[in-house]
Amino acid sequence: KNIEPVVDSYLDNIENTTVYRYHYLDDNDAEFKRLGLILEESPAEIVEPRGTSIELYAMSSYLWKGVQELSAKVRQLEERIIQLEA
């Protein structure tokens, strides 16, 4: 229902969102640190509607779109290299 393709660029947001290593308040400091984003710093598209957590499926899709953008950039660079070599 109401399906539409994403045309926005997510790559800038991915590049500008810091990934952190951290412990929960009740974690033992000797344990491995967790890896993740800070909710308040995360792109709105990956925050679940209540605003209390990150929606992992949305985050995966967001990253998928970023990979598509990177892939397009790589293809453009490859084409430039081929043109320069010719």
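Our subject is the structure that appears above.
1. A closer look at the pattern of salt bridges
Link 1 in the chain: Following the criterion strictly, the structure yields 3 salt bridges and no others.
Link 2 in the chain: Here Asp27 and Arg34 are joined by a salt bridge, their closest N and O atoms 2.8 Å apart.
Link 3 in the chain: With relative accessibility at 13%, the residue Asp27 sits in the buried group.
Link 4 in the chain: The exposure class assigned to Arg34 is partly exposed, which follows from its relative accessible area of 33%.
Link 5 in the chain: Here Arg50 and Glu48 are joined by a salt bridge, their closest N and O atoms 3.3 Å apart.
Link 6 in the chain: Residue classification places Arg50 among the exposed positions, given a relative accessible area of 70%.

2. Some details on the nonpolar core
What tends to happen in soluble globular proteins is that the nonpolar side chains get buried as a cluster.
Link 1 in the chain: Judged by nonpolar contacts, Tyr10, Leu37, Ile46, Ala58 and Tyr62 together constitute the single largest core of 5 residues.
Link 2 in the chain: Setting aside anything within four residues of it in sequence, one finds Leu37 in contact with Thr17, Thr18, Val19, Ser42, Ile46, Ile54 and Met59.

3. What to know about the packing of aromatic side chains
Link 1 in the chain: Within this structure, the stated rule accounts for 2 aromatic pairs.
Link 2 in the chain: Seen from their ring centres, Tyr10 and Tyr62 are 3.9 Å apart, and the 5° between their planes marks the pair as stacked. Placement of the pair is Tyr10 in the segment before α1 (11–16) and Tyr62 in helix α2 (residues 56–85), with a sequence separation of 52 residues.
Link 3 in the chain: Note on Tyr62: relative accessible area 5%, which makes it buried.

4. Focus on unusual backbone geometry
Link 1 in the chain: We note that Asn2 has phi near 55°; this positive angle belongs to a residue other than glycine.
Link 2 in the chain: Take Asn2: it is sitting in the segment before α1.

5. Digging into the layout of surface pockets
Link 1 in the chain: Empty space within the largest pocket amounts to approximately 190 Å³.
Link 2 in the chain: Every residue lining the largest pocket is listed: Tyr20, Tyr22, Tyr24, Leu35, Gly36, Leu37, Ile38, Leu39 and Ile54.
Link 3 in the chain: Elements supplying a minimum of two residues to the lining of the largest pocket: β1 (20–22) and β2 (34–36).
Link 4 in the chain: Classifying every residue of the lining of the largest pocket gives 8 nonpolar, 1 polar and no charged.

Thresholds applied
Residues numbered from 1 in each chain as written. Predicted model: local features only at pLDDT ≥ 70, side-chain atom pairs only at ≥ 80, totals over all residues. Heavy atoms only, no water. Salt bridge = Lys/Arg side-chain N within 4 Å of Asp/Glu carboxyl O. Buried < 20%, exposed > 50% of the residue type's maximum accessible area, 1.4 Å probe, protein only. Core = buried A, V, L, I, M, F, W, Y, C linked by side-chain atoms within 4.5 Å. Contact = heavy atoms within 4.5 Å. Phe/Tyr/Trp six-rings, centres within 6.5 Å; stacked < 30°, edge-to-face > 60°. Helix = DSSP H or I, 4+ residues; strand = E, 2+ residues; numbered from the N terminus. 1 Å grid on protein atoms, 1.4 Å probe; cavity = no way out; pocket = protein on both sides within 12 Å on 5 of 7 lines; lining within 4 Å. Points joined across faces, edges and corners; volume = space filled by probe spheres on them. Nonpolar A, V, L, I, M, F, W, Y, C, P; charged D, E, K, R; others polar.

Nothing here speaks to function; it is geometry throughout.
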